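# Observations on the three-dimensional arrangement
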Amino acid sequence: MTTKAIQPQSTPGGNNDASAPYRCFPAAELHQNLAAHSEEQLKLFLESWEDLPVDSYMKDGADYRRRRYGSFRWAAGELVADPAGVFHQTQEVNSLHGGVDRAFPPLSESVRESAVLDTLIHFFMARLPGEFDPVTSGVGVHQIRITATHDADGLPAPEGVHEDGHHFVAQVLMRRTDVDGGESQIFDRNRRPIHRTTLLDTFESLVIDDRRVFHGVSAIRPVDGVRRGIRDMLLIDYFPIRSR
Ligand SMILES: [Fe+2]
């Protein structure tokens with residue numbers, strides 16, 4: 001597969017190249033597609049990030065990352081939640097936290113069955129930067145909160161420049177409060193930077209072809225005058241079931 005040279009861009013939504021290994025979606029486009037959901041449904045979905053346990057697999061007992069995880073697959077055209085299981089990345093893909101099964105706390109029932117989540121999964125599935133066959137694929141959903149204080153930066157990607165080991169990954173900003181930093185960065189397979197942007201608005205998104213690019217996110221810090229900053233993300237992995 002060829003990787004076309006792409007000039008770095010800093011404007012979300014500025015990438016219209018259909019062959020590019022990533023796509024950007026402004027918040028307005030997501031809001032338009034979520035318009036069928038009530039304010040209450042959207043509020044409940046966003047508030048579910050308030051109920052994430054600390055990620056106990058972080059090295060050195062770091063407690064700045066909270067998360068939940070669940071996976072789904074398609075059956076007769078419908079998304080069906082898998083029984084709670086483990087999340088696995090190889091050590092090769094994730095040298096920091098890979099090589100072990102990680103039993104993250106599961107998604108809450110209301111998130112697992114959320115119509116908002118269902119819309120988001122289908123929205124990105126229809127707009128992935130490459131071919132995708134839902135019949136042979138699964139979907140992983142990560143709810144992640146990174147907290148930064150003046151004593152400790154929050155590291156959205158402590159492994160640095162990396163890949164996730166999936167086919168596609170949608171990165172959806174859910175909340176950004178009192179935060180500086182957190183620049184999303186995309187690199188080609190030679191680790192040369194090809195795109196960077198800072199997600200600022202709720203539902204602003206980036207989708208990558210994880211086989212064609214590496215990615216990273218810079219540290220977050222609280223803005224001056226506040227004790228802590230928060231960055232909430234929804235990550236949606238699209239992966240082939242047979243290769244797992
Ligand atoms: Fe990642």
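These remarks concern the structure in this document.

Here is what the cut-offs are and how they apply
- Residues numbered from 1 in each chain as written.
- Predicted model: local features only at pLDDT ≥ 70, side-chain atom pairs only at ≥ 80, totals over all residues.
- Helix = DSSP H or I, 4+ residues; strand = E, 2+ residues; numbered from the N terminus.
- Rg over C-alpha atoms; globule rule 2.2 N^0.38 Å.
- Buried ≥ 20, exposed ≤ 12 C-beta atoms within 10 Å, placed from the backbone.
- Contact = placed C-beta atoms within 7 Å.
- Core = buried A, V, L, I, M, F, W, Y, C linked by C-beta atoms within 7 Å.
- Arc of directions from axis to C-beta.
- Pairing = 2+ DSSP bridges.
- Axes fitted to C-alpha atoms, helices over the stretch in contact; angles between N-to-C directions.

## Details of the overall build of the protein
- Helices and strands together make up the secondary structure of the protein, namely four helices and 14 strands.
- The globule rule puts the C-alpha radius of gyration for 244 residues at 18 Å, and the 17 Å found for the protein is close to it.
- In terms of overall dimensions, the protein has C-alpha extents of about 50 × 45 × 40 Å along its principal axes.
- Counting the 244 residues in the protein, one finds 36% classified as buried.
- Across the protein, every contact between residues at least 6 apart in sequence was considered, and the portion connecting residues at least 24 apart equals 77%.

## A few points about the nonpolar core
- Within the largest apolar cluster, 47 residues are counted, with the highest numbers of intra-cluster contacts made by Leu 120, Val 172, Ile 208 and Ile 236.
- Of all elements in the fold, only strand E1 (22-25), strand E2 (65-75), helix H4 (115-125), strand E6 (137-149), strand E7 (168-177), strand E11 (205-209) and strand E14 (228-240) reach the threshold of two or more residues within this core.
- Those residues within four positions of Leu 120 in sequence are excluded, and the remaining contacts are Val 172 and Ile 236.

## Regarding H4
- Taken together, the buried positions of H4 are Val 116, Leu 117, Leu 120, Ile 121, Phe 123 and Phe 124. Down the axis of H4, the smallest arc covering the buried residues is 160 degrees, so these residues share one side.

## Examining the sheet that holds strand E12 (residues 214-217)
- Ordered in space as E10-E9-E12, the three strands form an open sheet in which the pairing is antiparallel. Two strands in the sheet have a free side with no partner beyond their single neighbour: strand E10 (193-197) and E12. Across the sheet, the axes of successive neighbouring strands diverge by a mean angle of 15 degrees, strand direction being ignored.
- Alignment of strand E9 (residues 184-187) against E12, held across four bridges, turns out to be antiparallel. Following the sheet pairing, Phe 187 is matched in E12 by Phe 214.

## Side note on the pairing of E6
- Pairing geometry for E2 and E6, over nine bridges, is antiparallel. Counted as the bridge partner of Arg 66 is Arg 145 from E6.
- One ladder, built from 13 bridges, connects E6 with E14; its direction is antiparallel. Following the sheet pairing, Ile 144 is matched in E14 by Met 233.

## Looking at the sheet that holds E11
- Spatial strand order, E1-E11-E7-E14-E6-E2-E3: seven strands in an open sheet with antiparallel pairing. Here the strands that pair on one side only, and so sit at the sheet edges, are E1 and strand E3 (78-81). In this sheet, neighbouring strand axes are inclined to one another by 20 degrees on average, regardless of whether the strands run parallel or antiparallel.
- Across the face of the sheet, H4 comes into contact with E3, E6, E7, E11 and E14 while running at roughly 60 degrees to E14.

Such coordinate-based values are descriptive only and should not be taken to indicate function.
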